[in-house]
Amino acid sequence: MGDLTTQSRSNGFNAELVKSSRGAFACMINSEVGAVLAVMRRNVRWGVRYAADDDQLEHSLIHSLKELRKQIFSWQHLWQNVDPVVYLQPFLDVIQSDETGAPITGVALSSIYKILTLDVLDLDTVNVGDAMHLIVDAVTSCRFEVTDPASEEVVLMKILQVLLACLKSKAATRLSNKHVCMIANTCFRIVHQASSKGELLQRIARHTMHELVRCIFSHLPEISSTEHEMADGNSLSASGLVGTQNGNHMLGSTQLENGNVGIGCDGPSLISDASSPPLMNSATGTDTSKSGESDGMEDAQHREILMMAPFGIPCMVELFQFLCSLLNVVEKIGIGPKSNPTYDEDVPLFALGLINSAIELGGPSFSKHPKLLALIQDELFRNLMQFGLSMSPLILSTVCGIVLNLYYHLRTELKVQFEAFFSCVLLKLAQSKHGSSYQQQEVAMEALVDLCRLQTFVTEMYANFDCNITCCNVFEDIANLLSKSAFPVNGPMSAMHILALDGLLSMVKGMAERTGNELPVSDEISADDEGYEAFWTLKCQNYSDPNSWIPSVRKMKYIKRKLTIGADHFNRDPKKGLEFLQGIHLLPDKLDPESVASFFRYTTGLDKNLIGDFLGNHDEFCVQVLHAFARTFDFHDMNLDSALRVFLGTFKLPGESQKIQRVLEAFAERYYEQSPHILCNKDAALLLSYSLILLNTDQHNVQVKKKMTEEDFIRNNRQINGGQDLPREYLSELYHSICENEIQMTPDQGAGFPLMTPSRWINVLHKSKESTPFIACDSRALLDRDMFAILSGPTIAAISVVFDQVEHEDVLQACVDGFLAIAKISAHYHFGDVLDDLVVSLCKFTTLLTPLSVEEAIVSLADDARARMATTTVFTIANSYGDYIQSGWRNILDCVLSLHKLGLLPAHLTSDAADEMESFSDRERDKPATNSLSTSQTAHVATHVKSSSLIGRFSQLLSFDLEEPRLQPDEEQLAAQRHLREIVQKCRIDNIFMETKFLQAESLLQLVGAIILAAGRFSKGSGVMEDEDTAVFCLELLIAITLNNRDRILIIWQNVYRYISDIVQQKAMPCSLVEKAVFGLLKICQRLLPYKENLTDELLKSMQLILKLDARVADAYCEPITQEVMRLVKANATHIRSYLGWRTIISLLFITARHPDASEFGFDSLTFIMSEGAHLLPSNFVLCVDAAREFAESRVGAVDRSISALDMMAGSVVCLVRWSYETKNAVEEEAAMKVSQDIGEMWLRLVQGLRAVCLDQREEVRNHAILMLQRSLAGVDGIHIPNAMWFQCFDLVIFTLMDDLLEIAQGSSSKEYRKMEGTLVLATKLMSKAFLQSLQDLSQQPSFCELWLGVLNHMERYMKAKFRGKRSEKIHELVPELLKNTLLVMKTTGILMPSDEIGGDSFWQLTWLHVKKIVPSLQSEVFSEQELEQMQAKKTEGIPPTATGGVLLVPSNETTA
């Protein structure tokens, strides 16, 4: 396998072998000579001559061939060093001879073709340029004798073959521009000549012409400069160029005098009557001066030099201009419905095909060469506009193909042309209302869709046209067209609808693919609404930098929207419209002529009649605006008629003569200022403009019967140029221009798609000079957000309609892909409203919202592919883009509830909320958590809750009686159900709720709101069990979502709590809903307390709802509630710190103390908290003490429980001691005092609680309570209890207890309070010990005497008390002993002395006064006479009495229990 360029392209010879071997090439030449001679010898005329007067015996052609045969083997040089002319000339002579017949000429041509294809002729070959020129000259002037039509066609085909080989040869670059044009001209002649020949020749000729064009323009990218272009604007007209005619090159086949045939033509030619049109017209229009003649001679010489140079741009310009001229010729002939349809299509199709080939090969290189680019910008595009409106779909398709290539390669140079083509051709044809046929509509639509498939097309349309105030909204028009065309209005779906849909899908899919590839440019529009800014002066600094042009075009689009609104106001009322524009800062607060003129000039959509009336008004300001308006035009290098067309294309010339006068005066002044070449003053411009207006009316008004002639026009304009005549040629040119192309006196109003007339085309070219540069976009998402805002609504509507009506699954899948693309874009740009609209639209197709029976709904969904695809799509969107769904959650949830009712949801959908729910109570369920259907039934079976109450059981029996018997499903229904479950499983509906922790906050709130709203609809008490079950399912979802969002529970907690609160407070009877609400609330608290310390109080406060339950509901669920509270406490006790939180917990435990079923779990919970002070805190101490007292007093449990409760109460003193020590070491003195006070209050609350239990009827509990009270009093010895608190303790606790017990003992029967005597003994000991314990601290207080007297009084009362008519022996024995012990302690501590500081003699006297009432002889036992005298003596001497250092003397036989 070798390189294709080194092998013969036709005969299989090894070209390298031939080139490297002199003998091999000589043999090849020899064989070709022999072949030509052999054919010649067949004819006797080429035999040996015997005439005596002949100088040679053989014909010169034969002689030269034989001489070549003699020489070729004698050459010793390499063939590259041999002049090719030597071995080519004999063959070329045969080709050029008119004596040879077709067979001989054909063989000679084959020989030349073989030499060319062997690549012997390359750039290193000697004199290769002359050799190539000789070949071209000989072949293009080929003459041969025609013997039969077949041989003639063979020769013509071989001519095409050789000419094409010349251009494909390695030495082709040595051909001159002239010879390349000769090749092209000859090939086209054969194409034209072949139209009367056989089909094979026609096809080969056309194919060769295509290859020729491709070969020529394939060199265009290699040419990097314009050095070969012509210096002036005139086209080449040298001899032998394309489109010209001379003596040697005639079109067609000509019969010569001797009967031979050459490549000539005597028939009509497409271009025989007119040479190629000039590339550019002269700017001045004068050619009468001598300097013009000299310039013409210099131009001709320069052209001749360029044409003889190696081929490049000049020949390409000539060829391209010739191809465009073919379209012009057709234009002159006329294309219409009555013309020859074959000719109508054949010629333009051929020309358009060649042009397309040139553009494909040249590509973007056209933009490097102004002459070629100018041909495309003007002549080619003008013809494309015309042929684009052809009735032939084939021509239109070809035109669209060219436009697609032009857009791909040269869009940056053809901005305005593309706007005109899209607006006046494609968008017009694609709509049936403009009279186009269905085939035209389809081709135009296909072209638009192909363009939409280009990666950057829609972005560039939006950036360059929709965001340009002087251009129409091409992107918006395309989007509207495609969306409307996708709607089947009054008929079935057609290919056109699908095609339009494909275009829409291409646009949205392109945007979807670009998501995530944005440029970091702010989406905010940098528009200053605070003040006025001249919008027409706003320019982008750098159109190649997206960071610069994106903010600029966004701002221009913002201004354009405001201008559109302003234009609407202006069209209704010009004066108010201008005021409105001032209000929105598009015009200055004080109007100036320049701003108003610019508004008229650059704003689309204005009423041109109103502009004309305004400009023609005689008001001074209007006149100033008129002249400012004229100054906005650039008339440099424009003919007067072209300038007038441009000027009058922007407004409607008013009908009044005075207004016309003022308008034309302003125009003439501006035109003369910029183009004064021929006209001597502005008056001449004014008069000539008037004359052109009159001529236009005369020529194109059907009411004018007698038309003005050219002579009349010239005569009417004599001596208007400053008293001199204008050049006749100039006036004649103006006359013909107006006659052929009418000046449009009624400009377009901006609505619809106008027909592109020559006059409007001039406006297009003028606009292209003033237009901003084309913005080329890349593959990034530059303006997709702005475009999608326009595109989304129509696209969703169109796709929805197609999805609703089409039945083909591939189209349905395409619609689904479109829906998903829209969802992706909406989510990416945070267009929640668009996503909601999409979800709403899709949910309608799921059929899940249609009210059907369960059986019907399942079969319907299983059989409907559209519904299944819509369902899958809805949940795919919810899974992927749930962050940005808002109101759409309602529709999604309705679908979920429908699937729930059908039993198609997975059982673990609400597992987070339902997990371990069964352990909340002892109720049993006969259905899964999601109530999915079992295989044995397809209908819903309600949940029946086993209740411990009579009412609950009775209602349950009623519900069983009301149930109707269910029919068993058939096999079809079961199969459908299995299939649907598989589909639903693929939808991953469970992920939607399990992954809500990743949702955006706003979307999460909307989802929660949707669930609550849906649940509310089904929990209104309708009595239907299915509705209640649905409400329960919604509540389970709500709880699952709450648990999954524990890290941001604050966002949704208020809504969740409010809903649960409504359920709890509204339900008066036990039911599944209130059960789920209560236990769901407890579950939430259990799960969240360890993670949300800042929410602990809020969560625990929510549990107060349980306290608000109706009594019947609370009774039914008390035990399981308590169990859950116990679990919560054991798991989260360390996380509960606040008083409010503990108050809720303890309150729930408190109420269980007297419940027969719940008290056990409540007491266990309290024991967990208080046991060994594990979880006792200052915040819960009092609450726990109160609860423990409640359990101690409760008779629901055994006595042991009350005893345990009392033990816990007494044991809590340890915590008080610990907190006191911790406080002393950790805080300042002032704070320590505050804490000490708080601890004292807690201790006082404890002993008060114990005091209450001390009155219990049960002896064991009562006595144990007194002992625990004694322990609690003694247990605080290590901490500082404020003295005032001790006094309160005696008054509120000890003395009160003594009084209450005495009253009970004296007033109650022995059956109610047994063995009260023992209790009184314990109480008396308690009082004595408490007094002695606090004696040292309280003795210095002013109230001590009162306290001491209280103790004595209670001892006295107990001594005198009688129980059932007699005194208690135990008390009579105990009280004196305790009193004596107390007095001894007071004596030893120095508190009780004959004369002391506390009470003086009065304290001493009061003491003994009361003691004598109790035990009269006790004074002498405590104080002897001798001791009294000694104490008195010491006091007199100033010696303090002996003290024991505060040690309490307690008799050895007394204990503290």
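Q: An account of the side chain of D990 is needed here, citing residue identities and associated values.
A: Examined against the element boundaries, D990 turns out to sit in helix α40 (residues 989-994). Although D990 lies buried, it forms no salt bridge, and the closest oppositely charged side chain, R988, sits 6.9 Å away as judged by the N-O distance. With residues near it in sequence (within four places) discarded, D990 still touches H908 and L909.

Q: With reference to specific residues and values, describe the packing of aromatic side chains.
A: Within this structure, the stated rule accounts for 44 aromatic pairs. With a centroid separation of 5.9 Å and 5° between ring planes, the pair formed by F788 and F831 is classed as stacked. Of this pair, F788 sits in helix α31 (residues 784-805) while F831 sits in the loop between α32 (809-828) and α33 (832-845), and the two are 43 residues apart along the sequence. The residues F788 and F831 share a single accessibility class, namely buried. By the ring-pair criterion, three or more aromatic residues cluster together here, those being F629, F633, F635, F647, F651, F667 and Y671. Geometry around F350 places R206 over its ring, the cationic atom sitting 4.7 Å from the centre.

Q: Tell me about the environment of T1324, residues and numbers included.
A: In this fold, T1324 is placed in helix α56 (residues 1316-1338). Exposure remark for T1324: the relative accessible area of 1% places this residue in the buried category. Linking T1324 and V1351, residues 27 residues apart in sequence, is a C-alpha distance of 9.6 Å. Not counting residues up to four positions away in its chain, the partners in contact with T1324 are M1298, Y1358, L1374, V1375 and L1378. A distance of 2.8 Å separates a polar atom in the side chain of T1324 from the backbone oxygen of L1320.

Q: I'd love a proper account of the confidence of the model for the protein chain, names of residues and values included.
A: Per-residue confidence for the protein chain averages 79 on the pLDDT scale, and 82% of its residues sit at or above 70. Note on residues 226-261: pLDDT under 50 across the span, and 117 contacts to partners over four residues away in sequence or across chains. A low-confidence stretch, residues 331-343 (pLDDT under 50), is modelled with 13 contacts involving residues beyond four sequence positions or located in other chains.

Q: Residue-level account of the nonpolar core, with values.
A: One finds Y87, F320, L406, I989 and F993 to be the most contacted residues of the largest nonpolar core, which totals 404 residues. Residues in contact with L406, not counting those within four places in the same chain, are I359, I376, L380, F381, L384, R411, L414 and F418. Counting residues in each nonpolar core, the second largest holds 67 residues, with L563, V596, I611 and Y730 among its members.

Reading guide: rules and limits
- Residues numbered from 1 in each chain as written.
- Predicted model: local features only at pLDDT ≥ 70, side-chain atom pairs only at ≥ 80, totals over all residues.
- Heavy atoms only, no water.
- Helix = DSSP H or I, 4+ residues; strand = E, 2+ residues; numbered from the N terminus.
- Buried < 20%, exposed > 50% of the residue type's maximum accessible area, 1.4 Å probe, protein only.
- Lys, Arg positive; Asp, Glu negative; His and termini not counted.
- Salt bridge = Lys/Arg side-chain N within 4 Å of Asp/Glu carboxyl O.
- Contact = heavy atoms within 4.5 Å.
- Phe/Tyr/Trp six-rings, centres within 6.5 Å; stacked < 30°, edge-to-face > 60°.
- Lys NZ or Arg CZ within 6 Å of the ring centre and 35° of its normal.
- Polar contact = N/O pair within 3.5 Å; in protein donor to acceptor, adjacent residues only side chain to side chain.
- pLDDT = per-residue confidence, 0-100.
- Core = buried A, V, L, I, M, F, W, Y, C linked by side-chain atoms within 4.5 Å.

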